[in-house]
Amino acid sequence: MKIHNLRLRQFRNLNNVSLKFHSGLNVIVGDNGQGKTNLVESLVFLSSGRSFRVADDSLLIHTAKEFASIDADLDNSTQLKVVISDKGKYMQINQNTVKKLSDFMGQCNVVLFSPDDLNFISDTPRRRRHDIDLELGKMSNQYIGLLSSYNKLLTERNAHLKSNSVDYDYLEILTDQLIKSEEPIICIREKFSREIIPYISEIYQKLTGTEALVSLEYKSPVSCDGDISSKLLQRMRDSLQRDIETRMTNVGIHRDDFIFKVDGSPVLHVASQGQRRMLMIAYKLALVELIHKQSKTYPILCLDDLFSELDSGRRKSVVEMLPDAMQVFITTTDLSFIITDRDHYVFEVESGQVRQKLGGSV
Ligand SMILES: Nc1ncnc2c1ncn2[C@@H]1O[C@H](COP(=O)(O)OP(=O)(O)OP(=O)(O)O)[C@@H](O)[C@H]1O
Ligand SMILES: [Mg+2]
């Protein structure tokens, strides 16, 4: 999957930008505050239909303008368009308006590494679930549907638990339905963590020059084997009294967590800042390999502001590890950070203007 052309109008400080990208490596260079991350944000928006920085879409519109738009031509001849205005956003695939965000998501799968990913390990379980759900949602439309029906049922069950008179028959119906929608989610999340581990370990070992074994432990109410429904039902029954006392659902995939471990110990307790960074890079590179394995095509990878924090040896190894067949966008404040003999394009960003610099290799 690749983006051939991108046109932005009034997207943040990128007032009017029209770019043709390299099918391999694209380097976006510029001083602080010029618009590099804004450019990456527009690519991520094409993938997930939302910004990774703000919840309020209207912040993406250039101040004092009425709308922002993103147009892109993909390598499979698909055209994507998003228009954001104060009335909301509308999305088009090949000039056909798409009503559901889930139908738009994943048309062009963009995997992002942003500086905020370094907080993934120390942040809350909710954040980890959110990030992994987003990746799983881009990989499967069905997953988005499952999650959304689970969340609706959960809201309904919690509302009922908060009501003044709890109807036990109704609660049982809701519990049964909740369990049905929960079961496949547990199995998808478990499969994801199981399948990504070998990739993370291999990449982490290459990046750090160690033999460390990395794992991503999935913590859920029950495991995806045997009679999952009965096991879940038992857990729910055990928790019923507590649910009634606390007036909320205490057991379920809305409490799941994902824990990174290195050689069996939680990363949060043992790893240095630099090791965590390596781990998150390994995770993102593993994610692209997993997506490639499942969909037979590489996603687009955006590495925002990664290189300033790495030593020169690590910068070189990260670039060398990027598969040639994958389209990559790297932002940097300093071109000398990107050491590669691969053919690539360089785009210079200054005050919201983007110019392609002539010359390929640095
Ligand atoms: N809605 C908006 N309208 C106009 N300008 C905006 C809007 N939102 C953000 N900006 C401007 O975009 C700039 C920040 O862009 P961006 O975050 O892409 O910088 P950057 O090049 O990635 O910098 P850094 O190297 O510090 O990460 C700021 O100057 C900010 O004022
Ligand atoms: Mg930035």
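Everything discussed here concerns the structure shown above.
This one's a predicted model, so the numbers in the text were calculated from it and none came from an experiment.

Basis of the calculations
- Residues numbered from 1 in each chain as written.
- Chains lettered and ligands numbered in written order.
- Predicted model: local features only at pLDDT ≥ 70, side-chain atom pairs only at ≥ 80, totals over all residues.
- Heavy atoms only, no water.
- Helix = DSSP H or I, 4+ residues; strand = E, 2+ residues; numbered from the N terminus.
- Rg over C-alpha atoms; globule rule 2.2 N^0.38 Å.
- Buried < 20%, exposed > 50% of the residue type's maximum accessible area, 1.4 Å probe, protein only.
- Areas by Shrake-Rupley, 256 points an atom, 1.4 Å probe, with all protein chains shown as cover.
- Lys, Arg positive; Asp, Glu negative; His and termini not counted.
- Charge placed at Lys NZ, Arg CZ, Asp CG, Glu CD.
- Expected span 1.5 Å × (residues − 1).
- Pairing = 2+ DSSP bridges.
- Axes fitted to C-alpha atoms, helices over the stretch in contact; angles between N-to-C directions.
- Contact = heavy atoms within 4.5 Å.
- Disulfide = S-S within 2.5 Å.
- Phe/Tyr/Trp six-rings, centres within 6.5 Å; stacked < 30°, edge-to-face > 60°.
- Lys NZ or Arg CZ within 6 Å of the ring centre and 35° of its normal.
- Salt bridge = Lys/Arg side-chain N within 4 Å of Asp/Glu carboxyl O.

A. Looking closely at the overall build of the protein chain. Looking only at helices and strands, the protein chain features nine helices and 15 strands. The C-alpha radius of gyration of the protein chain comes to 22 Å, within 12% of the 21 Å expected for a compact globule of 362 residues. Projected onto its principal axes, the C-alpha positions of the protein chain cover 70 × 55 × 35 Å. Here the protein chain, with 362 residues, has 51% of them falling under the buried criterion. Accessible area of the protein chain: about 16,700 Å², with a carbon and sulfur share of 48%. Side chains of the protein chain carry 46 positive and 48 negative charges; the gap between the two charge centres is 2 Å.

B. How the structure looks around unusual backbone geometry. If you check the backbone angles, S77 has positive phi at about 70° while not being a glycine. The topology assignment puts S77 in the loop between β4 (67-74) and β5 (79-85). Taking the relative accessible area as the measure of exposure, S77 reaches 61% and is therefore exposed. Its identity as a non-glycine residue notwithstanding, D263 has a phi of 45°, on the positive side. Looking at the element boundaries, D263 is found in the loop between β10 (257-262) and β11 (265-266). D263 sits in the exposed class, given a relative accessible area of 52%.

C. Structural view of helix α8 (residues 273-295). Over its 23 residues, α8 runs 33 Å from end to end, which matches the ideal 33 Å to within 8%, given 1.5 Å per residue. In the segment just after α8, K296 is the residue with positive phi, at about 65°.

D. Inspection of the sheet that holds strand β8 (residues 110-113) at higher detail. Here we have six strands laid out as an open sheet, ordered β8-β12-β13-β3-β14-β15, and mixed in their pairing. Every interior strand has two partners, whereas the edge strands, β8 and β15 (353-357), have only one. Strand-to-strand twist of the sheet, defined as the mean angle between neighbouring strand axes without regard to direction, takes the value 20°. One ladder, built from five bridges, connects strand β3 (residues 25-29) with strand β13 (residues 328-332); its direction is parallel. Across the sheet, the residue bridging to V27 is I330, located in β13. Helix α1 (residues 36-48) rests against β3, β8, β12 (300-303), β13 and β14 (344-350) of the sheet, and its axis sits at about 145° to β8.

E. Representation of the side chain of R157 within the structure. Mapped onto the elements, R157 comes out in helix α4 (residues 141-162). Excluding residues that lie within four positions of it along the chain, R157 makes contacts with L171, L174, T175, L178, M236, L240, D243 and T249.

F. Structural detail: the state of the cysteines. Going through the model one piece at a time under the given rule, you end up with one disulfide. The residue that forms a disulfide with C187 is C224, at a sulfur-sulfur distance of 2.0 Å. Taking the torsion about the S-S bond as the criterion, the C187 to C224 disulfide, at about 100°, is right-handed. With C187 in helix α5 (residues 168-208) and C224 in the loop between β9 (214-219) and α6 (228-246), the pair connects residues that are 37 residues apart, well separated along the chain. Residue classification places C187 among the partly exposed residues on the basis of a relative accessible area of 22%.

G. Representation of the packing of aromatic side chains in the model. Counted according to the given criterion, the structure contains seven aromatic pairs. With a centroid separation of 4.7 Å and an interplanar angle of 85°, the aromatic rings of F21 and F329 are classed as edge-to-face. One end of the pair, F21, is in the loop between β2 (14-20) and β3; the other, F329, is in strand β13, with 308 residues separating them in the sequence. Residue F21 is classed as buried on the basis of its relative accessible area of 4%. Under the relative-accessibility criterion, F329 is labelled buried at 0%. Here the aromatic rings of Y345 and F347 are separated by 6.2 Å at their centres, their planes lie at 80°, and the arrangement is edge-to-face. Among the aromatic residues, those joined into a ring-pair cluster are F21, F329, Y345 and F347. The ring of F337 has R315 sitting right over it, with the charged end atom 3.8 Å from the ring centre.

H. Examining the pattern of salt bridges more closely. The tally for this structure, following the rule as stated, stands at 26 salt bridges. Across the pair E217 and K261 runs a salt bridge whose closest N-O atoms are separated by 2.6 Å. Note that E217 is positioned in strand β9 and K261 in strand β10, a separation of 44 residues in sequence. A relative accessible area of 28% means that E217 is categorised as partly exposed. Overall, the relative accessible area of 17% leaves K261 in the buried class. For the salt bridge of D324 with R342, the shortest nitrogen-to-oxygen distance reads 3.5 Å. With D324 in the loop between α9 (312-321) and β13 and R342 in the loop between β13 and β14, this residue pair connects regions lying 18 residues apart in the sequence. Residue class for D324 comes out exposed when judged on its relative accessible area of 58%. Sharing partners across several salt bridges, the network here consists of D116, D117, D123, R127, D131 and K284.

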